[in-house]
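# Topology and contacts: notes
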Amino acid sequence: MPELDSLMSPVTDFGVAPRPDFTLPKAQRHRLKRVRALMLVTDKFRFPFRQALADKLWKDSKHFYRLAGTTAPWDAAPRAMATCRSWEELKYWSYIVSCYEQHRIYEQMVSDFGSVEALSASGIAAKVKFVGSGSGGSTLNSYRSIVLADPSKPNSWLFEKVYRCQGYDDLERVLAVSRHLGDRLCTGDIFMPRLLDVRKGGELAIVYSAFTPSARVSARQAVARGADVVKELMALPTDSLVSEPVLRKPHSNYLLALAKTRDWIAGRRPEVLTEFDALSRKINDSYPRYLAHGDLHRKNILASGAVLDWDSCGFYPIGYDPGLIIARGLKADSVEELEHSLVKYFGTMNAGTDARLMVSGGLYFALVFGAGKKSALSEPVLESLLAKIVPNSEVEGH
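Here's what I pulled together on the structure shown here. Keep in mind that what you see is a predicted model, and the values were worked out from it rather than measured.

### Comments concerning the environment of Ser 312
Within the secondary structure, Ser 312 sits in the loop between β7 (289-292) and β8 (314-317). Considered as a pair, Ser 312 and Leu 247 are 65 residues apart in the sequence and their alpha carbons are 9.0 Å apart. Ignoring sequence-local partners within four residues, the contact set of Ser 312 consists of Arg 173, His 251, Asn 253, His 293, Gly 294 and Asp 295. Here the side chain of Ser 312 touches Asn 253 through a polar contact of 3.3 Å, side chain to side chain.

### Looking at the pattern of salt bridges
Counted by the stated rule, this structure contains 15 salt bridges. Asp 169 is the salt-bridge partner of Arg 173, the closest N and O atoms lying 3.1 Å from each other. As far as burial versus exposure is concerned, Arg 173 and Asp 169 are alike and both buried. Here Arg 269 and Glu 271 are joined by a salt bridge, their closest N and O atoms 2.7 Å apart. Overall, the relative accessible area of 22% leaves Arg 269 in the partly exposed class.

### Some words on the nonpolar core
With 76 residues, the main nonpolar core has Phe 276, Leu 338, Phe 346, Tyr 364 and Ile 389 as its most contacted residues. At 10 residues, the largest contribution of residues to this core is made by helix α12 (residues 355-372). Counting 27 residues, the second largest nonpolar core, distinct from the first, contains Trp 87, Tyr 100, Val 116 and Val 162.

### A few points about unusual backbone geometry
Where the residue is not glycine, phi is negative for most of them; where a peptide bond is considered, it is trans in most cases. Even without being a glycine, Ser 115 presents a positive backbone phi close to 55°. Tracing the chain through its elements places Ser 115 in the loop between α5 (103-114) and β2 (125-133). Exposure remark for Ser 115: the relative accessible area of 24% places this residue in the partly exposed category. Notably, Asn 141 is not glycine yet its phi reads approximately 70°, a positive angle. Among the secondary structure elements, Asn 141 is positioned in the loop between β2 and β3 (142-148). You can call Asn 141 buried: its relative accessible area is 1%.

### A few points about a positive patch on the surface
On the surface, Arg 216, Arg 298, Lys 299 and Lys 374 cluster together into a patch of positive charge. The topology assignment puts Arg 216 in the loop between β6 (204-210) and α7 (222-234).

### Remarks on the packing of aromatic side chains
How two aromatic rings sit relative to each other is given by the distance of their centres and the angle of their planes. This model, assessed by the stated rule, comprises 13 aromatic pairs. Here Tyr 364 and Phe 365 contribute two aromatic rings whose centre-to-centre distance is 4.9 Å and whose plane-to-plane angle is 75°, an arrangement assigned as edge-to-face. Under the relative-accessibility criterion, Phe 365 is labelled buried at 0%. Of the aromatic side chains, those joined through ring pairs into one cluster are Tyr 254, Phe 276, Tyr 316, Tyr 320, Tyr 364, Phe 365 and Phe 369. If you follow Arg 144 out to its NZ or CZ, it ends over the ring of Phe 130, 6.0 Å from the centre. Across the ring face of Phe 315, the terminal group of Arg 248 is positioned such that the distance to the ring centre comes to 5.1 Å.

### Overview of the pairing of β3
Within β3, 6 of the 7 residues are buried, which leaves it mostly tucked inside the rest of the structure. Examined bridge by bridge, β2 and β3 share 6 bridges and lie antiparallel to one another. What sits directly across from Phe 130, in β3, is Arg 144. Pairing geometry for β3 and strand β4 (residues 157-164), over 4 bridges, is antiparallel. In the sheet register, Val 147 faces β4, and the bridge partner there is Trp 157.

### Regarding the environment of Asp 170
Secondary-structure assignment places Asp 170 in helix α6 (residues 170-185). Separated by 143 residues in the primary sequence, Asp 170 and Cys 313 place their C-alpha atoms 8.3 Å from one another. Not counting the four nearest positions on each side in its chain, Asp 170 is found in contact with Ser 138, Tyr 163, His 251 and Asp 311.

Procedures and definitions
Residues numbered from 1 in each chain as written. Predicted model: local features only at pLDDT ≥ 70, side-chain atom pairs only at ≥ 80, totals over all residues. Heavy atoms only, no water. Helix = DSSP H or I, 4+ residues; strand = E, 2+ residues; numbered from the N terminus. Contact = heavy atoms within 4.5 Å. Polar contact = N/O pair within 3.5 Å; in protein donor to acceptor, adjacent residues only side chain to side chain. Salt bridge = Lys/Arg side-chain N within 4 Å of Asp/Glu carboxyl O. Buried < 20%, exposed > 50% of the residue type's maximum accessible area, 1.4 Å probe, protein only. Core = buried A, V, L, I, M, F, W, Y, C linked by side-chain atoms within 4.5 Å. Patch = residues over 30% accessible without salt bridge, like charges linked within 9 Å, V, L, I, M, F, W, Y side chains within 5 Å. Areas by Shrake-Rupley, 256 points an atom, 1.4 Å probe, with all protein chains shown as cover. Lys, Arg positive; Asp, Glu negative; His and termini not counted. Charge placed at Lys NZ, Arg CZ, Asp CG, Glu CD. Phe/Tyr/Trp six-rings, centres within 6.5 Å; stacked < 30°, edge-to-face > 60°. Lys NZ or Arg CZ within 6 Å of the ring centre and 35° of its normal. Pairing = 2+ DSSP bridges.

Below, the structure written as C-alpha coordinates:
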(Lines give C-alpha, C1' and ligand atoms only; values in the text may rest on other atoms or scores of the structure.)
Protein backbone atom coordinates (compact mmCIF):
# COMPACT_ATOMS: atom_id res chain seq x y z
CA MET A 1 0.00 0.00 0.00
CA PRO A 2 1.33 3.48 -0.79
CA GLU A 3 2.02 5.91 2.02
CA LEU A 4 -0.26 8.86 2.69
CA ASP A 5 2.09 11.37 1.07
CA SER A 6 1.76 9.52 -2.23
CA LEU A 7 -2.01 10.04 -2.11
CA MET A 8 -2.16 13.69 -1.11
CA SER A 9 -0.01 16.75 -0.63
CA PRO A 10 1.81 17.08 2.70
CA VAL A 11 -0.20 18.44 5.62
CA THR A 12 0.35 22.14 6.18
CA ASP A 13 0.46 22.74 9.91
CA PHE A 14 -0.43 26.12 11.40
CA GLY A 15 -0.55 24.68 14.90
CA VAL A 16 -1.44 26.71 17.98
CA ALA A 17 -2.93 25.69 21.30
CA PRO A 18 -6.71 25.08 21.11
CA ARG A 19 -8.94 27.64 22.82
CA PRO A 20 -11.57 26.87 25.47
CA ASP A 21 -15.10 26.87 24.11
CA PHE A 22 -17.78 29.38 25.04
CA THR A 23 -21.41 28.70 25.90
CA LEU A 24 -24.03 30.84 24.19
CA PRO A 25 -27.11 32.13 26.01
CA LYS A 26 -30.08 29.77 25.80
CA ALA A 27 -32.10 31.94 23.39
CA GLN A 28 -29.19 32.16 20.97
CA ARG A 29 -28.61 28.39 21.14
CA HIS A 30 -32.23 27.80 20.08
CA ARG A 31 -31.76 30.23 17.20
CA LEU A 32 -28.65 28.36 16.09
CA LYS A 33 -30.60 25.10 16.06
CA ARG A 34 -33.10 26.70 13.71
CA VAL A 35 -30.27 27.97 11.54
CA ARG A 36 -28.82 24.47 11.25
CA ALA A 37 -32.20 23.16 10.14
CA LEU A 38 -32.53 25.94 7.57
CA MET A 39 -29.03 25.22 6.26
CA LEU A 40 -30.29 21.88 5.00
CA VAL A 41 -33.04 23.33 2.81
CA THR A 42 -31.85 26.69 1.51
CA ASP A 43 -29.65 25.22 -1.23
CA LYS A 44 -32.83 23.97 -2.89
CA PHE A 45 -33.99 27.55 -3.44
CA ARG A 46 -32.74 30.36 -5.60
CA PHE A 47 -29.96 32.63 -4.33
CA PRO A 48 -32.27 35.63 -3.63
CA PHE A 49 -34.19 33.45 -1.14
CA ARG A 50 -30.96 32.54 0.64
CA GLN A 51 -30.00 36.19 0.73
CA ALA A 52 -33.38 37.17 2.19
CA LEU A 53 -32.94 34.51 4.88
CA ALA A 54 -29.46 35.82 5.64
CA ASP A 55 -30.90 39.35 5.93
CA LYS A 56 -33.34 38.13 8.57
CA LEU A 57 -30.68 36.25 10.53
CA TRP A 58 -28.41 39.26 10.37
CA LYS A 59 -31.18 41.56 11.64
CA ASP A 60 -31.88 39.19 14.54
CA SER A 61 -28.17 39.03 15.41
CA LYS A 62 -27.45 42.74 15.59
CA HIS A 63 -28.75 43.27 19.10
CA PHE A 64 -26.92 40.26 20.51
CA TYR A 65 -23.61 41.42 19.05
CA ARG A 66 -24.23 45.13 19.82
CA LEU A 67 -23.91 45.96 16.13
CA ALA A 68 -27.14 47.93 15.63
CA GLY A 69 -25.43 50.71 13.69
CA THR A 70 -24.17 48.47 10.90
CA THR A 71 -26.10 47.76 7.72
CA ALA A 72 -24.45 44.54 6.48
CA PRO A 73 -22.32 41.70 7.92
CA TRP A 74 -19.18 42.86 6.10
CA ASP A 75 -19.45 46.30 7.77
CA ALA A 76 -19.42 44.58 11.15
CA ALA A 77 -16.90 41.89 10.30
CA PRO A 78 -13.95 43.06 12.47
CA ARG A 79 -16.08 43.41 15.61
CA ALA A 80 -18.18 40.32 14.86
CA MET A 81 -15.17 38.08 14.41
CA ALA A 82 -13.75 39.31 17.69
CA THR A 83 -16.87 37.98 19.44
CA CYS A 84 -16.80 34.61 17.66
CA ARG A 85 -15.87 32.69 20.80
CA SER A 86 -17.40 29.30 20.09
CA TRP A 87 -17.79 26.70 17.39
CA GLU A 88 -21.54 27.34 17.37
CA GLU A 89 -21.03 31.05 16.76
CA LEU A 90 -18.59 30.33 13.96
CA LYS A 91 -21.20 28.09 12.28
CA TYR A 92 -23.79 30.83 12.63
CA TRP A 93 -21.65 33.59 11.17
CA SER A 94 -20.20 31.43 8.40
CA TYR A 95 -23.69 30.55 7.24
CA ILE A 96 -24.69 34.21 7.06
CA VAL A 97 -21.63 35.24 5.03
CA SER A 98 -21.97 32.17 2.77
CA CYS A 99 -25.47 33.30 1.79
CA TYR A 100 -23.94 36.61 0.66
CA GLU A 101 -20.96 34.86 -1.07
CA GLN A 102 -18.54 36.90 1.08
CA HIS A 103 -15.41 34.75 0.73
CA ARG A 104 -12.87 37.17 2.11
CA ILE A 105 -14.77 37.54 5.37
CA TYR A 106 -15.34 33.77 5.57
CA GLU A 107 -11.62 33.06 5.12
CA GLN A 108 -10.70 35.66 7.75
CA MET A 109 -13.17 34.16 10.24
CA VAL A 110 -11.76 30.66 9.72
CA SER A 111 -8.21 31.96 9.99
CA ASP A 112 -8.87 33.96 13.18
CA PHE A 113 -10.77 31.14 14.88
CA GLY A 114 -8.67 28.16 13.77
CA SER A 115 -5.24 29.59 12.94
CA VAL A 116 -5.36 28.03 9.48
CA GLU A 117 -5.29 29.66 6.05
CA ALA A 118 -7.61 28.59 3.24
CA LEU A 119 -6.03 27.67 -0.07
CA SER A 120 -7.95 30.40 -1.90
CA ALA A 121 -6.50 33.06 0.42
CA SER A 122 -3.07 32.50 -1.19
CA GLY A 123 -4.33 33.91 -4.50
CA ILE A 124 -4.04 30.73 -6.60
CA ALA A 125 -7.80 30.30 -7.10
CA ALA A 126 -9.56 31.57 -10.22
CA LYS A 127 -13.09 30.95 -8.95
CA VAL A 128 -14.55 30.23 -5.50
CA LYS A 129 -18.19 29.46 -4.76
CA PHE A 130 -20.20 28.20 -1.80
CA VAL A 131 -21.80 24.87 -2.68
CA GLY A 132 -24.13 22.88 -0.49
CA SER A 133 -24.35 22.62 3.26
CA GLY A 134 -24.40 19.86 5.84
CA SER A 135 -25.44 19.11 9.39
CA GLY A 136 -22.48 17.26 10.92
CA GLY A 137 -21.31 18.37 14.34
CA SER A 138 -17.61 18.12 13.47
CA THR A 139 -17.64 20.24 10.30
CA LEU A 140 -18.40 23.87 9.54
CA ASN A 141 -21.09 22.79 7.03
CA SER A 142 -20.56 25.72 4.66
CA TYR A 143 -18.80 23.99 1.78
CA ARG A 144 -16.97 25.60 -1.15
CA SER A 145 -15.78 24.64 -4.62
CA ILE A 146 -12.48 26.10 -5.78
CA VAL A 147 -11.18 26.25 -9.35
CA LEU A 148 -7.43 26.82 -9.46
CA ALA A 149 -6.01 29.56 -11.66
CA ASP A 150 -3.89 27.05 -13.59
CA PRO A 151 -6.37 24.60 -15.18
CA SER A 152 -3.53 22.58 -16.74
CA LYS A 153 -2.68 21.12 -13.36
CA PRO A 154 -4.34 17.81 -12.45
CA ASN A 155 -7.17 18.07 -9.91
CA SER A 156 -7.66 21.79 -10.53
CA TRP A 157 -11.28 21.69 -9.28
CA LEU A 158 -11.41 21.20 -5.51
CA PHE A 159 -14.01 20.71 -2.80
CA GLU A 160 -13.28 22.44 0.52
CA LYS A 161 -14.53 21.22 3.89
CA VAL A 162 -13.60 22.64 7.30
CA TYR A 163 -13.31 20.25 10.27
CA ARG A 164 -13.07 20.95 13.95
CA CYS A 165 -10.13 19.01 15.40
CA GLN A 166 -10.84 19.41 19.11
CA GLY A 167 -13.25 16.84 20.53
CA TYR A 168 -13.96 14.97 17.26
CA ASP A 169 -12.29 12.08 15.44
CA ASP A 170 -14.02 12.41 12.06
CA LEU A 171 -10.98 13.75 10.24
CA GLU A 172 -8.80 10.99 11.75
CA ARG A 173 -11.17 8.42 10.28
CA VAL A 174 -11.04 9.94 6.80
CA LEU A 175 -7.24 10.18 6.86
CA ALA A 176 -6.85 6.61 8.14
CA VAL A 177 -8.94 5.14 5.32
CA SER A 178 -7.17 7.30 2.72
CA ARG A 179 -3.77 6.35 4.09
CA HIS A 180 -4.34 2.62 3.72
CA LEU A 181 -6.97 2.26 0.99
CA GLY A 182 -6.78 5.46 -1.03
CA ASP A 183 -5.35 3.70 -4.08
CA ARG A 184 -8.27 1.27 -4.14
CA LEU A 185 -11.11 3.51 -2.96
CA CYS A 186 -10.34 6.44 -5.27
CA THR A 187 -10.74 4.45 -8.50
CA GLY A 188 -13.41 2.23 -10.00
CA ASP A 189 -17.13 2.46 -10.55
CA ILE A 190 -17.70 3.17 -6.82
CA PHE A 191 -15.14 5.61 -5.46
CA MET A 192 -14.19 8.01 -2.71
CA PRO A 193 -13.13 11.47 -3.98
CA ARG A 194 -9.35 11.65 -3.66
CA LEU A 195 -7.93 13.78 -0.83
CA LEU A 196 -5.49 16.34 -2.20
CA ASP A 197 -4.47 18.60 0.67
CA VAL A 198 -5.01 18.92 4.42
CA ARG A 199 -4.21 22.14 6.26
CA LYS A 200 -4.22 21.81 10.03
CA GLY A 201 -4.44 24.53 12.64
CA GLY A 202 -4.80 24.25 16.40
CA GLU A 203 -8.59 24.32 16.34
CA LEU A 204 -9.59 23.68 12.72
CA ALA A 205 -8.39 21.74 9.68
CA ILE A 206 -9.29 22.51 6.06
CA VAL A 207 -9.51 19.49 3.77
CA TYR A 208 -9.42 19.63 -0.02
CA SER A 209 -10.59 16.76 -2.19
CA ALA A 210 -11.28 16.33 -5.89
CA PHE A 211 -14.59 17.96 -6.77
CA THR A 212 -17.06 15.50 -8.29
CA PRO A 213 -20.03 17.32 -9.87
CA SER A 214 -22.91 14.91 -10.26
CA ALA A 215 -26.54 14.45 -9.31
CA ARG A 216 -27.56 12.32 -6.35
CA VAL A 217 -29.10 8.97 -7.05
CA SER A 218 -32.88 8.89 -6.96
CA ALA A 219 -34.78 7.70 -3.91
CA ARG A 220 -35.80 4.60 -5.87
CA GLN A 221 -32.17 3.75 -6.65
CA ALA A 222 -30.72 4.53 -3.22
CA VAL A 223 -30.91 1.08 -1.59
CA ALA A 224 -29.64 -0.77 -4.68
CA ARG A 225 -26.72 1.67 -5.10
CA GLY A 226 -26.05 1.47 -1.37
CA ALA A 227 -25.77 -2.31 -1.76
CA ASP A 228 -23.11 -1.76 -4.44
CA VAL A 229 -21.13 0.36 -1.98
CA VAL A 230 -21.43 -2.23 0.80
CA LYS A 231 -20.32 -5.01 -1.54
CA GLU A 232 -17.28 -2.97 -2.62
CA LEU A 233 -16.24 -2.22 0.98
CA MET A 234 -16.69 -5.81 2.16
CA ALA A 235 -14.41 -7.02 -0.64
CA LEU A 236 -11.52 -4.69 0.27
CA PRO A 237 -8.37 -6.10 1.91
CA THR A 238 -8.36 -4.40 5.31
CA ASP A 239 -5.48 -6.08 7.15
CA SER A 240 -3.47 -2.84 7.19
CA LEU A 241 -6.33 -1.01 8.91
CA VAL A 242 -5.95 -3.10 12.08
CA SER A 243 -3.29 -0.62 13.21
CA GLU A 244 -5.84 2.22 13.16
CA PRO A 245 -7.65 2.18 16.55
CA VAL A 246 -9.87 5.13 15.58
CA LEU A 247 -11.67 2.93 13.05
CA ARG A 248 -12.55 0.34 15.69
CA LYS A 249 -14.30 2.82 17.96
CA PRO A 250 -18.07 3.35 17.67
CA HIS A 251 -18.87 6.66 16.07
CA SER A 252 -20.71 9.33 18.03
CA ASN A 253 -23.60 9.20 15.52
CA TYR A 254 -24.26 5.57 16.46
CA LEU A 255 -23.90 6.21 20.20
CA LEU A 256 -26.33 9.13 20.01
CA ALA A 257 -28.82 7.12 17.92
CA LEU A 258 -28.54 4.19 20.34
CA ALA A 259 -29.20 6.47 23.33
CA LYS A 260 -32.29 7.94 21.63
CA THR A 261 -33.51 4.47 20.69
CA ARG A 262 -33.19 3.31 24.31
CA ASP A 263 -35.22 6.35 25.38
CA TRP A 264 -37.79 5.51 22.71
CA ILE A 265 -38.06 1.92 23.98
CA ALA A 266 -38.18 3.06 27.62
CA GLY A 267 -41.15 5.24 26.79
CA ARG A 268 -43.08 2.37 25.16
CA ARG A 269 -41.90 -1.00 26.46
CA PRO A 270 -39.57 -0.38 29.41
CA GLU A 271 -39.79 -4.04 30.50
CA VAL A 272 -37.83 -5.16 27.40
CA LEU A 273 -35.04 -2.59 27.65
CA THR A 274 -32.74 -5.06 29.40
CA GLU A 275 -33.26 -7.61 26.63
CA PHE A 276 -32.59 -4.97 23.98
CA ASP A 277 -29.36 -3.99 25.76
CA ALA A 278 -28.30 -7.64 25.78
CA LEU A 279 -28.94 -7.85 22.04
CA SER A 280 -26.89 -4.68 21.50
CA ARG A 281 -23.96 -6.16 23.41
CA LYS A 282 -24.21 -9.44 21.49
CA ILE A 283 -24.16 -7.74 18.09
CA ASN A 284 -21.37 -5.34 18.98
CA ASP A 285 -19.24 -7.98 20.71
CA SER A 286 -19.67 -11.12 18.60
CA TYR A 287 -20.87 -10.24 15.08
CA PRO A 288 -18.13 -10.12 12.40
CA ARG A 289 -16.96 -6.63 11.51
CA TYR A 290 -16.37 -5.08 8.12
CA LEU A 291 -15.28 -1.68 6.88
CA ALA A 292 -18.42 0.45 6.61
CA HIS A 293 -19.10 3.95 5.31
CA GLY A 294 -21.04 4.80 8.46
CA ASP A 295 -23.43 7.40 6.99
CA LEU A 296 -24.73 5.68 3.88
CA HIS A 297 -27.85 7.35 2.51
CA ARG A 298 -29.05 8.86 -0.75
CA LYS A 299 -27.51 12.30 -0.25
CA ASN A 300 -24.04 10.76 -0.02
CA ILE A 301 -24.29 8.60 -3.16
CA LEU A 302 -23.88 10.30 -6.53
CA ALA A 303 -24.93 9.02 -9.94
CA SER A 304 -21.27 9.22 -11.08
CA GLY A 305 -20.35 6.53 -8.55
CA ALA A 306 -18.78 8.96 -6.07
CA VAL A 307 -19.57 8.28 -2.42
CA LEU A 308 -19.28 11.38 -0.22
CA ASP A 309 -18.81 12.13 3.48
CA TRP A 310 -16.63 9.39 4.98
CA ASP A 311 -16.47 11.13 8.36
CA SER A 312 -18.26 8.25 10.16
CA CYS A 313 -16.42 5.33 8.54
CA GLY A 314 -15.07 2.47 10.64
CA PHE A 315 -15.14 -1.26 11.36
CA TYR A 316 -18.71 -1.97 12.40
CA PRO A 317 -20.76 -5.16 12.91
CA ILE A 318 -22.20 -6.75 9.82
CA GLY A 319 -25.48 -5.11 8.83
CA TYR A 320 -24.49 -1.60 9.95
CA ASP A 321 -24.60 0.15 6.55
CA PRO A 322 -27.52 -1.97 5.25
CA GLY A 323 -29.63 -1.15 8.31
CA LEU A 324 -28.78 2.53 8.07
CA ILE A 325 -29.68 2.94 4.41
CA ILE A 326 -32.84 0.85 4.85
CA ALA A 327 -33.92 3.12 7.74
CA ARG A 328 -33.08 6.34 5.90
CA GLY A 329 -34.20 5.43 2.38
CA LEU A 330 -36.87 2.71 2.35
CA LYS A 331 -40.47 3.67 3.06
CA ALA A 332 -41.48 0.17 4.05
CA ASP A 333 -45.03 -0.62 5.13
CA SER A 334 -44.08 -3.65 7.19
CA VAL A 335 -41.21 -5.48 8.83
CA GLU A 336 -41.63 -8.23 6.24
CA GLU A 337 -40.84 -5.69 3.53
CA LEU A 338 -37.74 -4.57 5.44
CA GLU A 339 -36.56 -8.15 5.82
CA HIS A 340 -37.26 -8.92 2.16
CA SER A 341 -35.20 -5.89 1.07
CA LEU A 342 -32.28 -6.89 3.29
CA VAL A 343 -32.29 -10.40 1.83
CA LYS A 344 -32.73 -9.14 -1.74
CA TYR A 345 -29.99 -6.51 -1.71
CA PHE A 346 -27.57 -7.63 1.00
CA GLY A 347 -28.26 -11.30 1.86
CA THR A 348 -25.74 -12.81 -0.58
CA MET A 349 -23.13 -10.08 -0.25
CA ASN A 350 -20.13 -12.35 0.35
CA ALA A 351 -19.66 -16.07 -0.08
CA GLY A 352 -18.09 -16.29 3.36
CA THR A 353 -20.78 -14.25 5.05
CA ASP A 354 -23.61 -15.75 7.06
CA ALA A 355 -26.71 -14.24 5.44
CA ARG A 356 -28.64 -14.68 8.69
CA LEU A 357 -26.21 -12.37 10.50
CA MET A 358 -26.45 -9.80 7.70
CA VAL A 359 -30.23 -9.75 7.99
CA SER A 360 -30.45 -9.85 11.79
CA GLY A 361 -27.75 -7.18 12.09
CA GLY A 362 -29.47 -5.10 9.42
CA LEU A 363 -32.79 -5.24 11.26
CA TYR A 364 -31.13 -4.23 14.53
CA PHE A 365 -29.37 -1.23 12.98
CA ALA A 366 -32.53 -0.29 11.07
CA LEU A 367 -34.26 0.02 14.45
CA VAL A 368 -31.40 2.00 16.00
CA PHE A 369 -31.14 4.46 13.10
CA GLY A 370 -34.88 4.40 12.51
CA ALA A 371 -35.87 5.34 16.07
CA GLY A 372 -32.70 7.29 16.89
CA LYS A 373 -32.34 9.49 13.79
CA LYS A 374 -34.45 11.08 11.08
CA SER A 375 -35.99 8.08 9.35
CA ALA A 376 -38.27 6.98 6.51
CA LEU A 377 -39.81 4.33 8.79
CA SER A 378 -43.18 5.03 10.39
CA GLU A 379 -43.91 4.60 14.08
CA PRO A 380 -46.01 1.42 13.57
CA VAL A 381 -43.24 -0.17 11.51
CA LEU A 382 -40.66 0.70 14.17
CA GLU A 383 -42.85 -0.84 16.89
CA SER A 384 -43.27 -4.00 14.79
CA LEU A 385 -39.52 -4.06 14.18
CA LEU A 386 -38.88 -3.92 17.93
CA ALA A 387 -41.27 -6.85 18.34
CA LYS A 388 -39.33 -8.74 15.65
CA ILE A 389 -35.86 -8.37 17.09
CA VAL A 390 -36.92 -8.50 20.76
CA PRO A 391 -39.85 -10.95 20.69
CA ASN A 392 -41.01 -10.25 24.26
CA SER A 393 -41.70 -6.64 23.28
CA GLU A 394 -44.69 -7.52 21.11
CA VAL A 395 -47.63 -5.29 21.96
CA GLU A 396 -51.34 -5.72 21.52
CA GLY A 397 -52.42 -5.26 17.93
CA HIS A 398 -49.07 -6.44 16.48
